[in-house]
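Residue-level structural notes
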Amino acid sequence: MKRIFFALTLCFSAITHASVTVESCGQPITFDAVPERMVVHDINMTEMAFALGLQDKIVGLTGITGWYKTGPEFEELRGSIPELAPKYPTMENLIAVDPDLFFAGWYYGMKPGGEVTPDTLAVQNINTLVLTESCVHLDGERKKASMDLLFDDVARLGAVFNKQKQADELIAQWREQLAQIETKVGEINDTRVFLYDSGEEKPFTAGKYAIITAMIEAAGGKNVMEDVETSWGRVAWESVAIKNPEFLVLLDYQDGNGVTKLMDFLKQHPAMKETDAVKNERFVALKYAELTPGPANIGAIEKMAKAINPDRF
């Protein structure tokens, strides 16, 4: 299987791997041993780590309760792992647990020029694995989003933690599920879709490099903002309305209440209330972990596919 974003060195012993090199936003990072004290930022990356059974390697989480409500399944998998900061961590938060690895991303726990970056962490002898979707914020030469943003990051975690078999099995399972969905959807993938995260003056939405753009395509739609050269950002309402979306993906931060507020706003907006999606109230609500790179992506694609193409399921 072709893996674009990482390369492995040779040599794995029967007990532990001797040396593994992976790429993080184009920069090679070599691990001479399996990390033992990882901190993970954000719910989607945490679910990636949980999917590989890495709980015993995690000494802390950041960026969970400051934004999201977690369900019983997440909490059961989390166990006693502490949350070090409800939103973005400080250097002090991280150093306090003596980590050897931080799994995060640009605007997923780190900001360019901020206190916590791969460079500042390296001074503290802490490696950083950067979420591939987020690399576009420093590297504008990225390709349009594909589901490899998820598959490659999980494979990379598997390589670093000597869990290649588990990672390969997960990826194979997800590819099979995705193929089944795409077979039902068929080749007609032209439903105009707009993702509305938040914002009233200007909507926060997904562009060309966000994984949700690839997910929308797999579900039988086309992101009307896929020409925006970013992963996530703000656009003008007029630029959305002129494309007349037929279907909406609404980000549910608050177990349904947030989606009601989003729809109420769109119904009152002078431009958006005239779009087909709003007039016909065609939408699906997805949680943050479902539309950012993580294990919940495949189930979210199926939800969208059923809502966009109810006659094919």
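This one's a predicted model, so the numbers in the text were calculated from it and none came from an experiment. (Residues numbered from 1 in each chain as written. Predicted model: local features only at pLDDT ≥ 70, side-chain atom pairs only at ≥ 80, totals over all residues. Heavy atoms only, no water.)

**A closer look at the pairing of strand β4 (residues 58-62)**
Buried residues dominate β4, accounting for 5 of its 5 residues. Note that strand β3 (residues 38-41) and β4 share 4 bridges and pair parallel. In the strand pairing of β4, His41 is matched with Thr62. Between the parallel pair β3 and β4, the chain is carried across by helix α1 (residues 43-51), and the sense of this crossover is right-handed. Here β4 runs beside strand β5 (residues 83-85); their pairing, made up of 2 bridges, is parallel. Counted as the bridge partner of Leu61 is Glu83 from β5. Each parallel crossover has a hand, and the one from β4 via helix α2 (residues 72-78) to β5 is right-handed. (Buried < 20%, exposed > 50% of the residue type's maximum accessible area, 1.4 Å probe, protein only. Helix = DSSP H or I, 4+ residues; strand = E, 2+ residues; numbered from the N terminus. Pairing = 2+ DSSP bridges. Right-handed = clockwise from strand over helix to strand, strands pointing away.)

**Details of helix α12 (residues 297-308)**
In an α-helix there are 3.6 residues to a turn, and that puts residues three or four apart on one side. Relative to the 16 Å expected for 12 residues at 1.5 Å per residue, α12 spans 16 Å between its end C-alpha atoms, a close match to the ideal helical length. If you check which residues of α12 are buried, you get Asn297, Ile298, Ala300, Ile301, Met304, Ala305 and Ile308. Taken down its axis, α12 places every buried residue within 155° of arc, on the same side. (Expected span 1.5 Å × (residues − 1). Arc of directions from axis to C-beta.)

**What about the packing of aromatic side chains?**
Tallied over the entire structure, the rule returns 11 aromatic pairs. Seen in terms of ring centroids, Phe50 and Phe74 are 5.5 Å apart; in terms of plane orientation they differ by 45°. Their pairing is tilted. Taken as a pair, Phe50 in helix α1 and Phe74 in helix α2 lie far apart in primary sequence, 24 residues in all. Taking the centre distance of 6.0 Å and the plane angle of 75° together, the rings of Trp67 and Tyr88 count as edge-to-face. One end of the pair, Trp67, is in the loop between β4 and α2; the other, Tyr88, is in the loop between β5 and α3 (91-95), with 21 residues separating them in the sequence. With a relative accessible area of 34%, Trp67 lands in the partly exposed category. The class for Tyr88 is partly exposed, based on a relative accessible area of 26%. (Phe/Tyr/Trp six-rings, centres within 6.5 Å; stacked < 30°, edge-to-face > 60°.)

**Some remarks on the sheet that holds strand β9 (residues 191-196)**
Backbone hydrogen bonds hold the strands of a sheet together, and the pairing may be parallel or antiparallel. Read from one edge of the open sheet, 4 strands run β11-β9-β13-β14, paired in parallel fashion. Only two strands of the sheet have a single partner each, and these edge strands are β11 (221-223) and β14 (283-286). When the angles between neighbouring strand axes are averaged without regard to direction, this sheet yields 30°. Bridge count for β9 against β11 is 3 bridges, and the pairing is parallel. Considered in β11, the bridge of Thr191 is made with Gly221. Packed on one face of the sheet, helix α7 (residues 211-218) meets β9, β11 and β14 and runs near 155° to β11. Taken strand by strand, α12 contacts β9, β13 (247-251) and β14, and its axis lies near 165° from that of β14. (Axes fitted to C-alpha atoms, helices over the stretch in contact; angles between N-to-C directions. Contact = heavy atoms within 4.5 Å.)

**Considering the side chain of Thr128**
Inspection of the secondary structure assignment puts Thr128 in strand β8 (residues 127-130). Overall, Thr128 belongs to the buried group, its relative accessible area being 5%.

**Observations regarding the state of the cysteines**
Across all of its chains, the model carries 1 disulfide by this definition. One disulfide bridge connects Cys25 with Cys135, the sulfur atoms lying 2.0 Å from each other. Here Cys25 and Cys135 share a disulfide; its torsion about the S-S bond, -90°, makes the bridge left-handed. One end of the pair, Cys25, is in the loop between β1 (20-24) and β2 (27-31); the other, Cys135, is in the loop between β8 and α5 (148-160), and 110 residues separate them in sequence. Looking at Cys135, the relative accessible area reads 1%, which means it is buried. (Disulfide = S-S within 2.5 Å.)

**Considering the pattern of salt bridges**
Overall, the coordinates contain 15 salt bridges when judged by the stated rule. Its salt-bridge partner being Lys57, residue Glu36 comes within 3.0 Å of it at the nearest N-O pair. One end of the pair, Glu36, is in the loop between β2 and β3; the other, Lys57, is in the loop between α1 and β4, and 21 residues separate them in sequence. A relative accessible area of 17% places Lys57 in the buried class. For Arg192, the salt bridge goes to Asp276, with nearest N and O atoms at 3.7 Å. Residue Arg192 is found in strand β9, and its partner Asp276 is found in helix α10 (residues 276-279); the two are separated by 84 residues along the sequence. A residue is classified by how much of its surface remains accessible, and Arg192, at 28% relative accessible area, is partly exposed. Because the salt bridges share partners, they merge into one network encompassing Lys144, Glu217, Lys222 and Glu226. (Salt bridge = Lys/Arg side-chain N within 4 Å of Asp/Glu carboxyl O.)

Spatial relationships are all this shows, so hold off on functional conclusions.
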